[in-house]
Amino acid sequence: ISFFLATTVVSYAQTSRDPVNGMGAKFGRGMVNTFTGFGEFPVQISKGWKNGFMGNENNKIGGVAAGFFLGLTHSLGRTFSGFSDLVGFWAADPLNTEELGIHLDSEYVWDKSTPEVTIKKNGFEAMGKKAGMGFSNLLLGFLEIPGQFRQAAGMDEPSTGVMKGLWYFASREWDGMTQLLTAFLPTPADSVGYRLDQEWPWDAFSEADK
């Protein structure tokens, strides 16, 4: 597996963007979030006490109760997504993450919150899209293999297309599993890793026909 990843990364770096920096950044953030996720409990409870319930600063008890719930979901979301980044640092990430699921209110647990990122009117729609993306990646991620091969063959680089297709296929399987497991949990709003070329697993295959 290590030999395959090294060969794929080296070959792809020769023809396109260098993914190594993205993998390193993803591994680093994954390690931090994995081991600091539990910190969301005191952070969210403290925010609940400070801000009150639904912005009512006089309702401290309701704010603390809501903070406990947010602490649980944020802790699980940060830890699970961190572990996925840590173990799956090699996987290319989704192209678009802004509308996928609900988001943590800060990049790291000690950062100041940005509630506008977390509280979204279309929260349930975003959760559904994330779950749908997860199913699509798991079931149809294999389409990256013929899609990337056909695109690379058009540029007389079929061997690069095969390796890239296998890498993207494995990435979509890993991403899909993570998306399904965290579809209803807040996760980072953006990706620091290397990103896939297309949004959906069949895009590369359909674009190769154009």
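Structure: above.
Residues numbered from 1 in each chain as written. Predicted model: local features only at pLDDT ≥ 70, side-chain atom pairs only at ≥ 80, totals over all residues. Heavy atoms only, no water.

### Some remarks on the overall build of the protein chain
Formally: The numbering of helices and of strands both runs from the N terminus, where a helix is a DSSP run of H or I of at least 4 residues and a strand a run of E of at least 2. When accessible area is computed with a 1.4 Å probe and restricted to protein chains, residues below 20% of their type maximum are described as buried, those above 50% as exposed, and intermediate ones as partly exposed. Contact definition: two residues touch when any of their heavy atoms are within 4.5 Å. Working definition of accessibility: Shrake-Rupley area with a 1.4 Å probe, residue cover restricted to the visible protein chains.
Along its length, the protein chain carries 9 helices and 0 strands. Burial statistics for the protein chain: of 210 residues in total, 45% are counted as buried. At a minimum sequence separation of 6, the contacts of the protein chain that also span at least 24 residues come to 82%. When the accessible surface of the protein chain is summed, it comes to about 10900 Å², and 69% of that surface belongs to carbon and sulfur atoms.

### Some details on the packing of aromatic side chains
To keep things clear, this is the line we draw: Geometry of aromatic contacts follows a simple scheme: Phe, Tyr and Trp rings, the Trp one being its six-membered ring, pair when their centres are within 6.5 Å, and the pair is stacked under 30 degrees between planes, edge-to-face over 60, tilted otherwise.
Inspection of every chain in the model, using the stated rule, returns 7 aromatic pairs. Both rings, one in Trp 200 and one in Trp 202, keep their centres 5.3 Å apart while their planes meet at 10°; by these two values the pair is stacked. In this structure Trp 202 comes out as partly exposed when scored by relative accessible area, which is 33%. Through pairs of rings, three or more aromatic residues link up here, namely Trp 167, Tyr 168 and Tyr 194.

### Things to note about the environment of Pro 146
Relative to the assigned elements, Pro 146 resides in helix H7 (residues 144–153). Along the backbone, Pro 146 and Val 162 are 16 residues apart, and their C-alpha atoms lie at a distance of 7.8 Å.

### A look at helix H3 (residues 40–51)
An α-helical segment advances 3.6 residues per turn. Residues three or four places apart therefore align on the same side. Inclusion rule: One fewer than the residue count of a helix, multiplied by 1.5 Å, yields its expected span.
End to end, H3 covers 16 Å across 12 residues, agreeing with the expected 16 Å (1.5 Å per residue, within 8%). Lining the buried residues of H3 we find helix H2 (20–36) and helix H4 (60–87). With its phi angle positive at about 75°, Gly 52 sits one or two positions after the end of H3.

### Brief notes about the packing of H3 against H4
Which entries qualify depends on this criterion: Axes here refer to lines fitted to C-alpha atoms; in helices the fit is confined to the stretch in contact. Angles between the N-to-C directions go from 0 to 180 degrees. The cut-offs work like this: below 35 degrees is roughly parallel, past 145 is roughly antiparallel, 65 to 115 is roughly perpendicular, and the gaps in between are oblique. Note on convention: near helix rotated counterclockwise from far helix by under a right angle means a left-handed crossing. Clockwise means right-handed. The classification used treats Ala, Val, Leu, Ile, Met, Phe, Trp, Tyr, Cys and Pro as nonpolar, Asp, Glu, Lys and Arg as charged, and all other residues, Gly among them, as polar.
As a packed pair, H3 and H4 sit with axes 7 Å apart at the nearest point and diverge in direction by 155°. In terms of orientation, H3 and H4 fall into the roughly antiparallel class. The element H3 and its partner H4 pack so that their crossing is right-handed. In contact with Glu 40, Phe 41, Gln 44, Ile 45, Gly 48, Trp 49 and Lys 50 of H3, H4 contributes Lys 60, Gly 63, Val 64, Gly 67, Phe 68, Leu 70, Gly 71, Leu 72, His 74, Ser 75 and Arg 78. The class makeup of the residues in the contact of H3 with H4 is 7 nonpolar, 7 polar and 4 charged.

### Re the environment of Phe 124
Relative to the helices and strands, Phe 124 is located in helix H6 (residues 123–140). Taking the relative accessible area as the measure of exposure, Phe 124 reaches 73% and is therefore exposed. A C-alpha to C-alpha distance of 7.9 Å links Phe 124 and Gly 101, two positions 23 residues apart in sequence.

### Section: the packing of H2 against H4
Remark: H2 packs on H4, axes separated minimally by 7 Å, with the N-to-C direction vectors making an angle of 145°. In this structure, H2 meets H4 at a crossing whose hand is left-handed. Judged by residue contacts, Lys 26, Phe 27, Arg 29, Gly 30, Met 31, Asn 33, Thr 34 and Thr 36 of H2 engage Arg 78, Thr 79, Gly 82, Phe 83, Asp 85 and Leu 86 from H4. Its residues assigned to classes, the contact of H2 with H4 comprises 4 nonpolar, 6 polar and 4 charged.

### Focus on the environment of Val 64
Mapped onto the secondary structure, Val 64 falls in helix H4. Looking at Val 64, the relative accessible area reads 27%, which means it is partly exposed. Separated by 11 residues in the primary sequence, Val 64 and Phe 53 place their C-alpha atoms 7.7 Å from one another. The residues touching Val 64, leaving out its near neighbours within four places in the chain, are Ile 45, Gly 48 and Trp 49.

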